[in-house]
Amino acid sequence: ATIVDNTNCAIAEAAPYCQLANAYQQELHVITVLVDPLVAWRRQAHGTPLTHVIKQDLVLRQSILEWPVWFPQKVFAL
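Residues numbered from 1 in each chain as written. Predicted model: local features only at pLDDT ≥ 70, side-chain atom pairs only at ≥ 80, totals over all residues. Heavy atoms only, no water.

Some remarks on the pattern of salt bridges
Line of reasoning, step 1. Scanning the model with the defined rule gives 1 salt bridge in all.
Line of reasoning, step 2. Arginine 61 is the partner of aspartate 57 in a salt bridge, and the nearest nitrogen-oxygen pair spans 2.9 Å. Here aspartate 57 pairs with arginine 61, and both are found in helix α3 (residues 50-66), just 4 residues apart, close to one helical turn.
Line of reasoning, step 3. On the basis of relative accessible area, aspartate 57 is assigned to the buried category, the value being 12%.
Line of reasoning, step 4. Judged by its relative accessible area of 35%, arginine 61 is partly exposed. (Salt bridge = Lys/Arg side-chain N within 4 Å of Asp/Glu carboxyl O. Helix = DSSP H or I, 4+ residues; strand = E, 2+ residues; numbered from the N terminus. Buried < 20%, exposed > 50% of the residue type's maximum accessible area, 1.4 Å probe, protein only.)

Rendered as structure tokens:
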């Protein structure tokens, strides 16, 4: 099974998906791609205000530091 989601910035938001993968004994990988918020805002097509994009970026970057060390997360910066 594959789940792609680009709006879960905090561990609490991603946890249900992780639990579901574990419940069905699926291999779990969390891949996070960090992009400059201004670049992300310019590329998006949803009309999300820049202030919201910046807030999401800050939450994401903080949550990366809080994820358990055993969690299968890979972080890439572009």
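Observations concerning the nonpolar core
Line of reasoning, step 1. Residues Ala14, Cys18, Ala21, Leu28, Val30, Trp67 and Phe71 constitute the largest nonpolar core, which totals 7 residues.
Line of reasoning, step 2. Broken down by element, this core gets its largest block of residues, 3 residues, from helix α1 (residues 11-23).
Line of reasoning, step 3. The contacts of valine 30, once residues within four sequence positions are left out, are Cys18, Trp67, Phe71, Pro72, Gln73 and Lys74. (Core = buried A, V, L, I, M, F, W, Y, C linked by side-chain atoms within 4.5 Å. Contact = heavy atoms within 4.5 Å.)

Observations regarding the environment of proline 37
Line of reasoning, step 1. When you line up the elements, proline 37 lands in helix α2 (residues 37-43).
Line of reasoning, step 2. With relative accessibility at 16%, the residue proline 37 sits in the buried group.
Line of reasoning, step 3. Remark: the alpha-carbon pair of proline 37 and isoleucine 11, spanning 26 residues in sequence, is separated by 20 Å.
Line of reasoning, step 4. Residues within four places of proline 37 in sequence aside, it is in contact with Leu50, Val53, Ile54 and Asp57.

So, a nonpolar patch on the surface
Line of reasoning, step 1. A cluster of nonpolar side chains, Ile31, Val33, Phe76 and Leu78, forms an exposed patch at the surface whose accessible area comes to about 440 Å².
Line of reasoning, step 2. Mapped onto the secondary structure, leucine 78 falls in the segment after β2 (73-77).
Line of reasoning, step 3. Note on leucine 78: relative accessible area 75%, which makes it exposed. (Patch = residues over 30% accessible without salt bridge, like charges linked within 9 Å, V, L, I, M, F, W, Y side chains within 5 Å. Areas by Shrake-Rupley, 256 points an atom, 1.4 Å probe, with all protein chains shown as cover.)

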